[in-house]
Amino acid sequence: MKIGKMNLMSTQQERIDAAEEQMAEAQAVALEQLPVDERLYRIRHSAAHVMAEAVLRIFPDAKVAIGPPIENGFYYDFDLPRHLTPEDLEQIEEHMREIVSGDHRFTRTVLSREAASEMFCGQPYKLELIRELPDGQEISIYTQNSFTDLCRGPHVDSTRRIHPKAFKLLSVAGAYWRGDEKRPMLQRIYGTAWETPKELRAHLEHLKEVEKRDHRRVGRELDLFSTHEEAGPGLIYWHPKGSRIRIAIEDYWRAAHREGGYEMLFTPHVGKAWLWQTSGHLDFYKENMYAPMELDNADYYAKPMNCPFHIMIYKTRMRSYRDLPLRWGELGTVYRYERSGVLHGLLRVRGFTQDDAHIFCTPAQIEDEIKEVLRFSLKIWDDFGFSNTKAYLATRPPKSVGDEDRWYQAQRSLQAAIEDQGLDYELDEGGGAFYGPKIDLKIRDALGREWQMTTIQFDFNLPDRFDMSFTDSDGREKRPYMVHRALLGSLERFFGVLIEHYGGAFPLWLAPVQAVVIPVASAFDGYAAEVADLLFRAGFRAEADLSDDRMNAKIRNAQNTKTPCMVIVGEQEQQARTVSLRTRTGERTSNIALEDFMRRMHDKVVTRAEI
RNA sequence: GCCAGGAUAGCUCAGUGGUAGAGCAGCUCACUCGUAAUGAGCAGGUCGAGAGUUCGAAUCUCUCUUCUGGCUCCA
């Protein structure tokens with residue numbers, strides 16, 4: 001089955017193949033004639049080789065593994081006699097600068113398997129790679145200066161193409177040989193490389209901006225959430241200000257789902273072993289589940305997913321085709337054991353609330369349902385300020401349950417929905433779960449980073465395991481289709497992405513403090529408190545800053561916490577019962593009548609616009 | 001889980017074997033001020049936990065906890 005444009009998934013391979021053809025024609029393709037992606041690819045790949053040469057100068061006995069170009073840079077894995085320090089990185093960088101300023105040519109040589117094995121006899125990782133190369137594949141090596149690497153290329157023609165001030169080594173990290181935790185742990189050096197020093201500087205600036213927006217940092221600065229090692233890692237505590245945002249998100253979410261034809265469910269947090277045995281989780285998902293607690297001689301497990309509970313509700317009565325589709329949503333809090341090393345702020349946690357939904361429908365309804373759920377998802381992403389969305393369609397893997405026809409229909413409905421929305425998408429052939437195909441949506445944030453959030457997933461497994469059925473118009477019992485859907489994914493993770501997307505400067509409708517009322521002097525505290533109270537009673541998240549600080553300090557605090565509206569009141573405002581507005585963008589408007597200000601706030605909130 | 005690097009006041013960090021420090025935040029007092037930090041004073045820490053070495057440990061060693069960066073991007 002052929003679906004869609006196969007973009008990024010195979011770009012790298014295609015790029016390499018295409019480049020290899022070119023290489024066969026002429027070894028020295030003028031770098032300038034290549035597209036920028038290709039130029040950077042070669043520069044980065046070549047920089048990795050140069051780094052390996054530099055490392056070998058310092059550690060002549062080093063075993064080298066692999067060193068590919070990656071997004072924004074490159075890495076190389078080494079097996080070294082000791083651990084690298086930051087000083088080592090500087091030294092390696094110095095050697096690299098020396099090498100690249102030397103106009104050493106990258107020369108390609110094709111050789112036989114035997115000759116290659118001979119050449120890399122002291123390099124066990126290279127030998128393993130050579131052994132695994134399929135018969136008939138050309139084996140090539142690249143040499144620059146004193147270093148030769150097993151490599152398919154392509155590279156730049158000379159080391160002087162790598163600007164000595166346009167690359168930088170960034171970090172060293174452990175990495176298993178071939179990503180396999182049973183294999184040796186190697187030391188991976190990450191670097192970034194660009195065509196010009198200016199681009200490098202821009203990239204380093206970008207990294208700084210990423211750090212500044214880090215949700216853990218912003219979360220602390222704006223008093224949004226915390227975690228507590230004493231109380232358990234990977235478990236999130238939502239502070240009052242964070243909770244205000246969550247409530248704003250949930251209120252919007254519930255209203256949207258009501259409009260979208262969803263019913264809401266509430267289900268328990270724990271379930272007996274029977275439930276998880278029936279669902280198959282105890283067979284296939286147990287290592288991700290919290291250990292059971294024993295009550296009355298029965299094991300209860302904290303739920304890692306909501307689906308079995310929704311199925312229990314489905315099965316409480318006979319379902320007719322007339323009842324379908326059922327769209328059932330739940331903000332369901334689940335617990336999953338994540339390995340300690342992978343926990344990360346709000347983005348990877350052990351307890352989280354999914355904005356889950358399950359759709360049960362007839363085969364005839366499936367295509368429309370999928371179209372609708374995708375349309376619905378995109379609308380919600382748009383409302384949250386994310387309009388750059390990309391879809392990933394994952395199809396049937398070799399090992400899977402469910403018959404061919406259903407997989408085919410499901411995949412076709414997913415594809416039709418994507419095309420219906422005119423979405424850019426990639427195909428992940430065989431990348432679906434064993435129980436069904438899926439669409440994942442990745443959204444792009446303000447810094448251009450992609451986050452996988454939404455998943456729309458068919459399930460051919462659970463309906464069988466729980467023996468679900470509906471009575472069709474012909475009076476026969478049939479199996480319903482079941483679709484899992486998590487839109488924002490988890491509220492914790494979504495919150496983390498939202499924080500970084502806006503850098504803490506949340507749009508008015510989400511801001512934890514929409515307006516802070518600042519008296520110019522404490523003589524006007526009374527009026528400030530009154531204004532804040534009126535705003536609060538009108539439903540806005542507003543407060544007065546009646547602290548001892550001077551007005552300038554209060555404004556500074558409000559700016560630093562990215563409060564959208566600073567409402568300044570003094571003698572004039574008190575007399576006229578008006579306010580003066582300073583927005584966080586620095587715009588100032590004097591003497592707005594209170595009612596006008598509240599109307600303006602209200603308009604901006606409901607339209608999710610900036611003030 | 002594994003590798004490396006961290007953990008010192010609420011926060012950011014200094015302190016490398018000899019009496020625990022700074023800035024910000026907090027508290028108190030004074031100042032009453034019109035759009036990004038008023039000033040002075042006070043208080044605040046079993047130096048992540050436990051064990052060890054030492055006359056003496058924030059500092060050296062070991063164990064544990066936890067955080068950070070990685071562990072897919074296949075020569």
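Counting restarts for each chain: residues are numbered from 1 in the order of the written sequence. For naming, the first written chain is A and the first written ligand is 1, with later ones following in the order written. With pLDDT at 70 or above as the cut-off, local features in this predicted model cover only qualifying residues; side-chain atom pairs require 80 or more to be listed or tallied, and sums for whole chains, interfaces and linings still use all residues. With hydrogens and water stripped out, all remaining heavy atoms of the structure feed into the side-chain values.

Caption draft 1: Quick look at the sheet that holds strand β6 (residues 147-150). Two strands qualify as a pair provided DSSP detects at least 2 bridges between them. Under the DSSP-based scheme used, a helix requires at least four consecutive residues in state H or I and a strand at least two consecutive residues in state E, with every element numbered from the N terminus. The antiparallel open sheet is built from three strands, whose spatial order is β4-β5-β6. Since the sheet does not close on itself, it has two edges, and those belong to β4 (107-111) and β6, each with one partner. With strand direction ignored, the average angle separating the axes of adjacent strands in the sheet is 25°. For every element, the axis is a line fit to its C-alpha atoms; helices are fit only across the contacting stretch, and the angle between N-to-C directions ranges from 0 to 180 degrees.

Caption draft 2: Main features of the packing of aromatic side chains. Between 30 and 60 degrees the pair is tilted, below 30 it is stacked and above 60 it is edge-to-face, where a pair is any two Phe, Tyr or Trp rings, Trp via its six-membered ring, whose centres lie within 6.5 Å. Using the criterion set out here, one finds 24 aromatic pairs in the structure. Ring centres 6.0 Å apart and planes at 85° place the aromatic pair Phe-458 and Tyr-481 in the edge-to-face group. Taken together, the positions of Phe-458 in strand β20 (residues 450-458) and Tyr-481 in strand β23 (residues 481-490) put the pair 23 residues apart, joining distant regions of the chain. By relative accessible area, which is 0% here, Phe-458 ends up buried. Here the term buried applies to any residue with accessible area under 20% of the maximum for its type, exposed to any over 50%, and partly exposed to those in between, with areas from a 1.4 Å probe on protein chains only. For Tyr-481, a relative accessible area of 5% corresponds to the buried category. Grouping aromatic residues by their ring pairs yields a cluster made of Tyr-252, Trp-381, Phe-384, Phe-386, Phe-494 and Trp-509.

Caption draft 3: Main features of the sheet that holds β20. In spatial order, the strands read β11-β15-β16-β23-β20-β19-β17-β18; together these eight strands make up an open sheet with mixed pairing. Here the strands that pair on one side only, and so sit at the sheet edges, are β11 (263-264) and β18 (425-428). Two strands pair when backbone bridges link them, and strand β16 (residues 351-361) and β23 are joined in this way by seven bridges, in the antiparallel orientation. When the bridges of β23 are listed, Cys-361 appears paired with Tyr-481. Note on contacts: a residue pair is in contact if any heavy atoms of the two residues lie within 4.5 Å. Contacts between helix α11 (residues 307-314) and the sheet are confined to β15 (326-335), β16 and β23, with β15 contributing the most and set at about 140° to the helix.

Caption draft 4: Examining the side chain of Ser-320 more closely. Tracing the backbone through its elements, the reader meets Ser-320 in the loop between α11 and β15. Definition of a polar contact: a pair of N or O atoms within 3.5 Å, with one able to donate and the other able to accept a hydrogen when the atoms are protein atoms, and with sequence-neighbouring residues admitted only if both atoms are side-chain atoms. One polar contact links the side chain of Ser-320 to the main-chain amide nitrogen of Arg-322, over a distance of 2.7 Å. Aside from chain neighbours lying at most four places away, what touches Ser-320 is Phe-470 and Thr-471.

Caption draft 5: Region of the structure containing the confidence of the model for chain A. Across the chain, each position has a pLDDT score giving the predictor's confidence in that residue, from 0 to 100. Per-residue confidence for chain A gives a mean pLDDT of 90; residues scoring 70 or more make up 95%. Between residues 1-14, whose pLDDT stays under 50, and residues either more than four places distant or in other chains, the model counts 25 contacts. Contacts of residues 23-28 to residues separated by more than four positions or lying in other chains number six contacts, the stretch itself having pLDDT below 50.

Caption draft 6: Molecular detail of the pairing of strand β10 (residues 232-238). Relative to β10, strand β9 (residues 225-228) is paired through three bridges, and the arrangement is antiparallel. Residue pairing across strands places Phe-225 opposite Trp-238, the latter belonging to β10. The turn joining β9 and β10, which pair antiparallel and follow one another in sequence, is formed by three residues.

Caption draft 7: Fine view of the pairing of β6. Taken together, the four bridges between strand β5 (residues 139-144) and β6 define a ladder with antiparallel strand orientation. Bridge pairing links Thr-143 to Thr-148 in β6. Hairpin connection, β5 to β6: the antiparallel pair is bridged by two residues, and Asn-145 has positive phi, about 50°.

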